[in-house]
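Spelled out from the first residue to the last, the chains are:
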Amino acid sequence: MTIRFKLLFFVLCFLSVTISSCFKWAARAENKLPKETALQKTYNYNGKVIIVGAGAAGLAAAKVLEENNIDYKILEASDRYGGRLKKNTTLADFPIDLGAEWIHSAPIVLNKLKGKAGDQIDESLIPYHVEETYSWDGQNYEKDAQAQNDFMYKFMPESKFKNSTWYDFVNENIAATVKHKIEFNSPVTEINYLDNKVQVKTKNEAIHTADKVLLTVSIGVLKSNHITFTPDLSMEKKEAINSIIFHPGFKLVMKFKEKFYPDAINCEVETGEKGFYDIAFKKEAQSNILGLLVTGNSTEAYYKLESEEEIVQSAIAELDLIFDDKASETFTGEYIFENWGQHQFTMGTWTQAFQQKNSELKILNQSLEKKVYFAGEINDVYQQMGVPGAVLSGYHSIDKLLTE
Ligand SMILES: Cc1cc2nc3c(=O)[nH]c(=O)nc-3n(C[C@H](O)[C@H](O)[C@H](O)COP(=O)(O)OP(=O)(O)OC[C@H]3O[C@@H](n4cnc5c(N)ncnc54)[C@H](O)[C@@H]3O)c2cc1C
């Protein structure tokens, strides 16, 4: 080969690898996973730690503290743990995720989250390779080309738990050994890090003291100023918090006597997402359960309605328009409405770090004088999404807290 030909050959090889990996987000995400997490390390830390929030990130950080016999407690605002992970077991003959539902990246990520070596996963999963999807713009209902679904699956081969949920996964593999350390109904209202020790005040005026604090509340809670800081957050930090897109939204889960709908109906929206989808997709279930997931500015029209019942009626009316009244004819009247966008301890749905500037993400991750640290899905440094990002941020931030 001449030198020029060799060069051309290498350029072509490089381009083909780059282009094909661009079209495989999941493979890229898998490559970004850390080789080891805080679960594989040991720590000697004699101080006391308070974790604020018992969602995926807070529970993951707690697991590391528990395994290293470090003194800690978790202050959780609500009366349950899991945060944006929640399941229902009464509506259908299979458990339903009311919050996070899909595993967006390669299944191997599950081993990383629970600290298991190797690439054999224990969980039974359903590949989310949909076959029959439609697009709906309010007037036209059109079948999508199968090539589009195939491309999406190649780009992002998502999966779902077969007989289980994201909540179960985190409950069994992360929360199990730390849930006894949660103080429920303890919304934190003030964090004072002026002195050597950090003081954390809860709504009932109780004051908790620790050497270091890990704050894992959602970006929506941080934006709402529900928690005040002394000294105040820097302008730079406030701007970084406010720059993060955190759409309002909800999940409505409805039960029907028969299945008249396809795998998914993608609705046209200006921002965020709106889609009806078969929640029982390949679940080997008898129940016909259709979900409506809405985020972004199309949420506003629903929020203007007077009640939850009106929101359900509006969803049924939209389906009737597409399916010639089939929805109202077969709706059992049973539903669950999980309104994450207006839940005071969530105030939104999810963030997508790839939409944000790296400089803003970096600022969000900076501790407050090495006394108050941040974790949560938006603090993930491994470019994952959703639950994996939240859990990994818990491991990463607690490592920083214990070693800096
Ligand atoms: C409808 C919906 C669908 C989703 N779908 C997916 C999906 O398919 N796949 C995926 O991977 N991800 C999905 N996500 C995102 C995923 O749920 C989140 O990324 C992840 O659960 C965030 O975990 P976290 O610990 O960062 O935050 P959170 O789960 O929000 O946990 C924060 C905790 O802090 C508590 N808290 C709040 N304020 C205070 C306070 N003042 N004092 C004390 N405690 C406080 C909260 O009650 C909560 O328990 C979805 C989210 C939603 C809402």
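Calculation rules
- Residues numbered from 1 in each chain as written.
- Predicted model: local features only at pLDDT ≥ 70, side-chain atom pairs only at ≥ 80, totals over all residues.
- Helix = DSSP H or I, 4+ residues; strand = E, 2+ residues; numbered from the N terminus.
- Rg over C-alpha atoms; globule rule 2.2 N^0.38 Å.
- Buried ≥ 20, exposed ≤ 12 C-beta atoms within 10 Å, placed from the backbone.
- Contact = placed C-beta atoms within 7 Å.
- Domains from an automatic or database assignment.
- Pairing = 2+ DSSP bridges.
- Core = buried A, V, L, I, M, F, W, Y, C linked by C-beta atoms within 7 Å.
- Near = placed C-beta within 6 Å.
- Nonpolar A, V, L, I, M, F, W, Y, C, P; charged D, E, K, R; others polar.

## What to know about the overall build of the protein chain
At step 1: Looking only at helices and strands, the protein chain has 13 helices and 21 strands in total.
At step 2: For the protein chain, whose C-alpha radius of gyration is 23 Å, the value lies close to the compact-globule estimate of 22 Å for 404 residues.
At step 3: In terms of principal-axis extent, the alpha carbons of the protein chain reach across some 75 × 65 × 40 Å.
At step 4: Looking at the 404 residues of the protein chain, the share that counts as buried comes to 37%.
At step 5: Considering only residue pairs separated by 6 or more positions, the protein chain has 71% of its internal contacts joining residues 24 or more positions apart.

## Details of unusual backbone geometry
At step 1: A cis geometry characterises the amide bond from Thr-230 onward to Pro-231, with omega recorded as -10°.
At step 2: With respect to the helices and strands, the residue Pro-231 is situated in the loop between β15 (228–230) and α8 (235–243).
At step 3: For Glu-205, which is not glycine, the phi torsion reads 75° and is therefore positive.
At step 4: In this model, Glu-369 sits at a positive phi of 50°, which is unusual for a non-glycine residue.
At step 5: Residue placement: Glu-369 occurs in the loop between α12 (358–365) and β21 (372–374).

## Quick word on the domain arrangement of the protein chain
Interface size is commonly expressed as the accessible surface area that is lost when the partners come together.
At step 1: Domain annotation of the protein chain identifies domain 1 (1–31), domain 2 (34–82 + 172–244 + 353–403) and domain 3 (125–161 + 247–342).
At step 2: Relative placement of domain 2 and domain 3: their C-alpha centres are 33 Å apart.

## A look at the sheet that holds strand β9 (residues 159–161)
At step 1: As summarised here, the arrangement of the three strands in space is β5-β9-β6, forming an open sheet in which the pairing is antiparallel. Of all the strands in the sheet, the pair left with one neighbour each is β5 (102–103) and β6 (125–127).
At step 2: Judged from the three bridges that link them, β6 and β9 form a sheet pairing that is antiparallel. Bridging from a neighbouring strand, Pro-127 pairs with Ser-159 of β9.

## A look at the sheet that holds strand β1 (residues 48–52)
At step 1: The sheet built from five strands is open, its strands ordered β10-β2-β1-β14-β21 with parallel pairing. The open sheet terminates on both sides in strands that have one partner only, identified here as β10 (182–183) and β21.

## Re the environment of Leu-113
At step 1: With respect to the element layout, Leu-113 can be found in helix α4 (residues 109–114).
At step 2: By the C-beta count within 10 Å, which is 24 here, Leu-113 ends up buried.
At step 3: Sequence-wise, Leu-113 and Pro-388 are 275 residues apart; in three dimensions their C-alpha atoms are separated by 6.8 Å.
At step 4: Once residues lying within four places of it in the same chain are set aside, the contact partners of Leu-113 are Asn-173, Pro-388 and Val-391.

## Notes on the nonpolar core
At step 1: By size, the foremost hydrophobic cluster in this structure holds 67 residues, and its most contacted members are Leu-59, Ala-61, Val-213, Leu-214 and Val-391.
At step 2: Those residues in contact with Leu-59, other than ones at most four positions away along the chain, are Ala-54, Tyr-81, Val-170, Ile-174, Ala-175 and Val-178.
At step 3: Judged by nonpolar contacts, the second largest core, of 30 residues, contains Leu-98, Val-130, Ala-315 and Leu-319.

## Description of the site of the ligand
At step 1: Taken together, 39 residues lie around the ligand, and Gly-53, Gly-55, Gly-83, Ala-100 and Gly-386 are the ones closest in.
At step 2: Of all elements in the fold, only α3 (56–67) and α13 (386–403) reach the threshold of two or more residues within the shell around the ligand.
At step 3: A per-class count over the shell around the ligand returns 20 nonpolar, 14 polar and five charged.

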